[in-house]
Amino acid sequence: MVKLHLLATTALAVLLPLSPVIAIETNLLTCLEDGQFEIGVDYFPDKYIPTKYDPIFLPANQANLDDTTDYLEIDYFSYYKIVKNNFHNKSYLLYQCGAEPPQEEVNSGRHDLILPVPHKGGLAITQTPQIPPLELLGLREEIIAYIGDPQWVSSPCLRHRMDVDGSVEIVFDPEDPWNNDRTNELIAEFLQRNPEALIFTGPFSDGEGDRRIGAAASQERTNVATFDWIAMYAALYNLEGLSNQIAQETEDRYTCTSSNAQILSSDMAESERPTVLWANYFQGYNWSVAECRTWDESYYCEYAKHCGANIISRPEGLGFNDKSIGDFWYLNDEEMLALGKDAEIWIYPSNTWETVYESKKEILDQFKSVQNKQVYDTQGGGENMWYEQRLAEYDVVANDFCELVGLSNPYQVPRHTVKWFRNVYTDPIPGPGTCNVPDELDDRYVPVGAFCSPLAQTGGSGNGSGSGVSSLVCGQFIGIFVILALLL
């Protein structure tokens, strides 16, 4: 059982009877002026609220399992907050700018970073998935450096700031890209020039070093919990109110697509549900296939369950495991054919389909998904965008998945257009996109396709009689006719 990590406590001091108290209605976006700080005032009325997630596809006795993250925790006090990254066992003390940091906490030695907020000094990011949360919050201009190979950055507006106006520094040596000592030397030089900057590290970095703050969103079990790490970025700028709104609206859309899928599939026997093969080929190792022993073992397992589909899972012990490269299993061609040939849809999460098909045409032509041209890779958003943006658009990915398996709202206007999954037979790979300069440079990013219209089940129990979907269809058409009548 996941424990609730939010401790929204407020440390209130006893005030003298005549002491005036400032009423703060929302988090401050600026520093306090000299003499403005008052003991007893809650300077953070907008607190991180973990997004509650009760998967509607689970039985009632398994509900309420995922009402918060596993690794992110924010504790609030009157003028400071403590952000905890429990994946790395790191603690960050953030206090309202213009106040003094709480001396007891400073002296405790418990915190890896002590920082006034809202943060001033800019951010350096080290991984592309760190870009979307900042863009969703309207904080793109806070990014002042990218540490790493810039070829992997897809955001059109961030690329403009890197390549055209030069406002984002690239901390990278293309002549010696794999030399960690050289990279650390460049980082040290960057911090000398920008001593107040923060560096966001990823889940597989220890987060050690001056001005480092670790993010581990990708290590959460569920898509909702992964997205909730937007609150860590927001906490640095006192934008928890905005991040709560974005997180809740995204989860609402996510739940909407699942609800629609459950209604549409309520009369289907398990064997009638669409079957998805999620697999790709690694040169030198063979076929990697989804492992979904539980619905939350990986994000693609969750998407399948979310959309009422079956996903093929590698049976225990099938294939080859080389412990020297980690706990990864691979199937040979014969094992892959036996396991996946009957799947209606194949999602190939890589950019190598054309090359692999040319070398394995004879065996791949035996797959139903290939015969029916229902093979999709993950380049629908562009060549590298899947690795950068997907985690921040989990609701849109779910909408795509449900659309592919035929269990999305067929009456939604406009009908959802699949964004992330590209049919390898019919769809081109989109270009990198453009940034409307200067208007869009500092705008909040709004995902395309972030919309879900809920189906209204007007009757029927959904117990296999067919009445639920029939009433649903009737209700939808009646609604359309009423709208048309009003317009005439």
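Structure: above.
Residues numbered from 1 in each chain as written. Predicted model: local features only at pLDDT ≥ 70, side-chain atom pairs only at ≥ 80, totals over all residues. Heavy atoms only, no water.

K.L.:
For the nonpolar core, give the residues involved together with the corresponding values.
P.N.:
Ranked by internal contacts, the top residues of the largest apolar core, which has 83 residues, are Leu236, Trp278, Phe401 and Phe421. Per element, the largest residue contribution to this core is seven residues, and it comes from helix α14 (residues 394–404). Among residues more than four places away in sequence, those in contact with Phe421 are Trp278, Ile347, Tyr376, Asp377, Thr378, Gly380, Trp386, Val397, Asp400, Phe401 and Leu404. Listed in part, the 21 residues of the second largest apolar core include Trp287, Val289, Leu331 and Val375. (Core = buried A, V, L, I, M, F, W, Y, C linked by side-chain atoms within 4.5 Å. Buried < 20%, exposed > 50% of the residue type's maximum accessible area, 1.4 Å probe, protein only. Helix = DSSP H or I, 4+ residues; strand = E, 2+ residues; numbered from the N terminus. Contact = heavy atoms within 4.5 Å.)

K.L.:
Before we move on, could you go through the packing of helix α7 (residues 240–264) against helix α8 (residues 299–306) and cite the residues and values that matter?
P.N.:
In the contact formed by α7 and α8, the axes pass within 9 Å of each other and the chain directions differ by 50 degrees. Here α7 lies oblique to α8, going by the angle between them. Each of Tyr254, Thr255, Thr257, Ser258, Ala261 and Gln262 in α7 lies in contact with α8, whose residues at this interface are Glu302, Tyr303, Lys305 and His306. For the contact of α7 with α8, a count of residues per class yields three nonpolar, five polar and two charged. (Axes fitted to C-alpha atoms, helices over the stretch in contact; angles between N-to-C directions. Parallel < 35°, antiparallel > 145°, perpendicular 65-115°, else oblique. Nonpolar A, V, L, I, M, F, W, Y, C, P; charged D, E, K, R; others polar.)

K.L.:
Could you give me a rundown of a negative patch on the surface, with the residues and numbers involved?
P.N.:
Among the surface-exposed residues, Glu141, Asp439, Glu440, Asp442 and Asp443 lie close enough to one another that they form a single negatively charged patch. Within the element layout of this structure, Asp443 appears in the loop between β17 (422–423) and α15 (467–487). The exposure class of Asp443 is partly exposed, given its relative accessible area of 41%. (Patch = residues over 30% accessible without salt bridge, like charges linked within 9 Å, V, L, I, M, F, W, Y side chains within 5 Å. Areas by Shrake-Rupley, 256 points an atom, 1.4 Å probe, with all protein chains shown as cover. Salt bridge = Lys/Arg side-chain N within 4 Å of Asp/Glu carboxyl O. Lys, Arg positive; Asp, Glu negative; His and termini not counted. Charge placed at Lys NZ, Arg CZ, Asp CG, Glu CD.)

K.L.:
An account of the packing of aromatic side chains is requested, with residue identities and associated values reported.
P.N.:
Tallied over the entire structure, the rule returns 32 aromatic pairs. Ring geometry for Trp278 against Tyr299: centres 5.8 Å apart, planes inclined by 85 degrees, an arrangement best described as edge-to-face. Linking Trp278 in strand β10 (residues 275–282) with Tyr299 in helix α8, this pair joins segments that are 21 residues apart in sequence. Over the face of the ring belonging to Tyr425 we find Lys373, whose NZ or CZ atom lies 5.4 Å from the ring centre. The side chain of Arg390 reaches across the aromatic face of Tyr299, ending 4.0 Å from its centre. (Phe/Tyr/Trp six-rings, centres within 6.5 Å; stacked < 30°, edge-to-face > 60°. Lys NZ or Arg CZ within 6 Å of the ring centre and 35° of its normal.)

K.L.:
Please give an account of the sheet that holds strand β3 (residues 90–96) that cites residues and values.
P.N.:
Spatially, four strands are ordered β1-β2-β3-β4 in an open sheet, and the strand pairing comes out mixed. The outermost strands of the open sheet, each flanked by one partner alone, are β1 (72–76) and β4 (113–117). Strand-to-strand twist in this sheet, taken as the mean axis angle between neighbours without regard to direction, amounts to 20 degrees. For β1 and strand β2 (residues 80–85), the ladder comprises five bridges, and the chain directions are antiparallel. (Pairing = 2+ DSSP bridges.)

K.L.:
Quick one: what's the story with the state of the cysteines, residue by residue and with numbers?
P.N.:
Following the criterion strictly, the structure yields five disulfides and no others. Disulfide pairing is shown between Cys157 and Cys435; the S-S distance is 2.0 Å. With the S-S dihedral at roughly 90 degrees, the linkage between Cys157 and Cys435 falls on the right-handed side. Highlighted residues: Cys157 in helix α3 (residues 156–163) and Cys435 in the loop between β17 and α15, separated in sequence by 278 residues. (Disulfide = S-S within 2.5 Å.)

K.L.:
Can you lay out α14 for me, pointing to particular residues and giving the numbers?
P.N.:
Within α14, eleven of the eleven residues are buried, leaving the element largely enclosed by the surrounding structure. At the exit of α14 stands Gly406, carrying a positive phi of roughly 75 degrees.

K.L.:
Which residues make up the pattern of salt bridges, and what are the values?
P.N.:
A full pass over the atoms with the stated rule returns 26 salt bridges. A salt bridge links Arg221 to Asp70, with the nearest nitrogen and oxygen atoms 3.2 Å apart. Remark: Asp70 occurs in the segment before β1 and Arg221 occurs in the loop between β9 (212–214) and α5 (223–227); sequence separation between them is 151 residues. What makes Arg221 partly exposed here is its relative accessible area of 31%. Notably, a salt bridge pairs Glu403 with Arg415, separated by 3.2 Å at the nearest N-O pair.

K.L.:
I'd like to hear about the side chain of Asn399, residue by residue, with values.
P.N.:
Within the secondary structure, Asn399 sits in helix α14. Overall, the relative accessible area of 5% leaves Asn399 in the buried class. From its side chain, Asn399 meets the backbone oxygen of Phe451 in a polar contact 2.8 Å long. Dropping the residues within four chain positions of it, Asn399 is found in contact with Thr257, His416, Gly449 and Phe451. (Polar contact = N/O pair within 3.5 Å; in protein donor to acceptor, adjacent residues only side chain to side chain.)

K.L.:
Go over the layout of surface pockets with me, naming the residues and quoting the values.
P.N.:
Each pocket or cavity is described by its volume, and for the second largest pocket that value is around 440 Å³. Pro156, Met385, Lys419, Tyr445 and Val448 are the residues nearest the centre of the second largest pocket, which is lined by 21 residues in total. Of all the secondary-structure elements, those providing two or more residues to the lining of the second largest pocket are α3 and α13 (385–389). Residues belonging to the lining of the second largest pocket are distributed by class as follows: eight nonpolar, seven polar and six charged. (1 Å grid on protein atoms, 1.4 Å probe; cavity = no way out; pocket = protein on both sides within 12 Å on 5 of 7 lines; lining within 4 Å. Points joined across faces, edges and corners; volume = space filled by probe spheres on them.)

K.L.:
Let's hear about helix α9 (residues 333–340): which residues, and what values?
P.N.:
The periodicity of an α-helix, 3.6 residues per turn, causes residues three or four positions apart to be oriented the same way. Along α9, the positions that sit buried rather than exposed are Asp333, Met336, Leu337 and Gly340. All buried residues of α9 fall inside an arc of 100 degrees around its axis, so they share one side. Opposite its buried face, α9 presents the exposed residues Glu334 and Ala338, each directed more than 90 degrees away. For α9, the secondary structure elements touched by its buried residues are β10, β11 (286–289), β15 (345–348) and α11 (361–364). Between the side-chain oxygen of the N-cap and the backbone nitrogen of Glu334 there are 3.2 Å, and the N-cap of α9 in question is Asn332. (Arc of directions from axis to C-beta.)

K.L.:
Report on the pairing of strand β8 (residues 198–201), specifying residues and quantitative values.
P.N.:
The alternating pattern of β8 places Leu198 and Phe200 on one face and Ile199 and Thr201 on the opposite face, and all of these are buried. With three bridges connecting them, strand β5 (residues 123–125) and β8 associate as parallel partners. Bridged to Ile125 within β8 is Phe200. Pairing of β8 with β9 involves three bridges; the strand directions are parallel. Residue pairing in the sheet places Ile199 in a bridge with Arg212 of β9.

Geometric descriptors of this kind do not, in isolation, establish any biological role.
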